[in-house]
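# Examining the three-dimensional arrangement
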Amino acid sequence: MIEDKNPQRTALENIGEFGLIKHLTQHFELEHESSLKGIGDDAAVLDFKDKKAIISTDMLVEGVHFDLSYMPLKHLGYKSVIVNLSDIYAMNARATQITVSIAVSNRFPLEALEEFYEGVAMACKMYKVDLVGGDTTSSTKGMIISVTAIGVANETDIVYRSNAKPNDLLVVTGDLGGAYLGLQVLDREKEVFKVNPNNQPDLEPYSYIVERQLKPEARKDIVELLEKLEVKPTSMIDISDGLSSEILHLCNQSEVACNLFEDKIPLDPTVISASEEFKMDSTMIALSGGEDYELLFTIDQKDFDKIKGNPNLTVIGHIAPKEEGVHLITRANTKIALTAQGWNSFTS
């Protein structure tokens, strides 16, 4: 198939703000009873009756959080939703609605935003959430995205960061480090392309870690699994800024300490091989990389038999009294104080 070198470009000024909103959201349908009124009025109307509403918001800025030279707009739309839903699931809640606001410069035609909203729509369909509002405006700095996610839970089911207690087990979902290494691969190939635009990168060996970066998934399935197993975590957080930062958040909020065992940290074989290729330490990548959007939580020891052997869950440590401090127990059985070296948007 021959690529169209001159695709149609519809200037946003020709359609106007309200026309743009109507155009981009015309195919979104509401499926939750709690979505009484979605897009089309001054505000959305939600009705959760006797349940508690859970709300989280996140902002993504071009050049800081994403690079459009290798991030397809459809993937960006999908990822923008996922990173917010992950926060809802980290509260042991069910995500129900989102709002999406975007600011774009005049280099973005209507067709580019259609592609972005295709990704948003895919995420809404996959995770069964309703798009109920948002905003559009202009930007002089490229693209800025703000997504708010809304969820619902029974008060007794909500899990905070602050209730871990000594002797609890520290558990993580999935595997870690892939998203960061996927970013390294994409950045490397971008630099190669700058030197030789005719060079076509072979990303097949890195498909798993590249997908972890470009199209992450939120762990809705874990919330459902824990309910099925009749396990309620004592504390929980999602891993967006690196394992070490999130462990320290849990420990600080719960006023406890922790021992994390290096040999228990789950790593995909692709992560290990790519770490060696980039001459990086795979443990440090898992600790500091970020953007994995896995869940980190603690459980009472009496619940261990319920999760034992589950391929989605790995026990990586245990909680200790606050005075013992937060440590990494290395493969050589040495104890190293754990520090936060994960993503910081104000220094990166």
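This text follows the structure it describes.
Structural notes, computed from the coordinates.

What counts and what doesn't
- Residues numbered from 1 in each chain as written.
- Predicted model: local features only at pLDDT ≥ 70, side-chain atom pairs only at ≥ 80, totals over all residues.
- Heavy atoms only, no water.
- Helix = DSSP H or I, 4+ residues; strand = E, 2+ residues; numbered from the N terminus.
- Rg over C-alpha atoms; globule rule 2.2 N^0.38 Å.
- Buried < 20%, exposed > 50% of the residue type's maximum accessible area, 1.4 Å probe, protein only.
- Areas by Shrake-Rupley, 256 points an atom, 1.4 Å probe, with all protein chains shown as cover.
- Lys, Arg positive; Asp, Glu negative; His and termini not counted.
- Charge placed at Lys NZ, Arg CZ, Asp CG, Glu CD.
- Pairing = 2+ DSSP bridges.
- Expected span 1.5 Å × (residues − 1).
- Axes fitted to C-alpha atoms, helices over the stretch in contact; angles between N-to-C directions.
- Parallel < 35°, antiparallel > 145°, perpendicular 65-115°, else oblique.
- Left-handed = near helix turned anticlockwise from the far one by under 90°.
- Contact = heavy atoms within 4.5 Å.
- Phe/Tyr/Trp six-rings, centres within 6.5 Å; stacked < 30°, edge-to-face > 60°.
- Lys NZ or Arg CZ within 6 Å of the ring centre and 35° of its normal.

Looking only at helices and strands, one finds 10 helices and 13 strands in the chain. Taken over C-alpha atoms, the radius of gyration comes to 21 Å for the chain, in line with the 20 Å a tight globule of 348 residues would show. In terms of overall dimensions, the chain has C-alpha extents of about 65 × 60 × 35 Å along its principal axes. Put simply, the chain has 348 residues, and 49% of those count as buried. Taken as a whole, the chain presents about 17,800 Å² of accessible surface, with 50% of it coming from carbon and sulfur. In the chain, 33 positive and 54 negative side-chain charges are present, and the distance between their average locations comes to 2 Å.

Right, let's talk about the pairing of strand β7 (residues 169–173) for a bit. For a regular strand, side chains alternate in direction, first toward one face of the sheet and then toward the other. Burial analysis of β7 places five of its five residues in the buried class, which makes it a mostly covered element. Here β7 shows two buried faces, one formed by Leu169, Val171 and Thr173 and the other by Leu170 and Val172. Two elements, β7 and strand β10 (residues 294–299), share four bridges in a ladder whose sense is antiparallel. Within β10, the position partnered with valine 171 by the bridge is phenylalanine 297. With five bridges connecting them, β7 and strand β11 (residues 313–320) associate as antiparallel partners. Along β11, the bridge assignment pairs valine 172 with threonine 314.

An ideal rise of 1.5 Å per residue puts 16 Å on 12 residues; helix α7 (residues 243–254) measures up with 17 Å between its terminal C-alpha atoms. Summarising burial for α7: nine of the 12 residues are buried, a large majority. Among the residues of α7, those classed as buried are Leu243, Ser244, Ser245, Glu246, Ile247, Leu248, Leu250, Cys251 and Ser254.

Attention shifts here to the packing of helix α4 (residues 178–195) against helix α8 (residues 269–277). Where α4 contacts α8, the two axes come as close as 10 Å, and the packing angle between them is 45 degrees. Taken together, the axes of α4 and α8 lie oblique to each other. The hand of the α4/α8 crossing is left-handed. Mapping the contact onto sequence places Gly178, Leu181 and Arg188 in α4 and Val271, Ala274, Ser275 and Glu277 in α8.

Counted by the stated rule, this structure contains two aromatic pairs. Ring geometry for phenylalanine 116 and tyrosine 117: centres 5.5 Å apart, planes at 75 degrees, overall edge-to-face. A residue is classified by how much of its surface remains accessible, and phenylalanine 116, at 0% relative accessible area, is buried. In this structure tyrosine 117 comes out as buried when scored by relative accessible area, which is 5%. The ring of tyrosine 78 carries the charged tip of lysine 215 above its face, separated from the ring centre by 4.4 Å.

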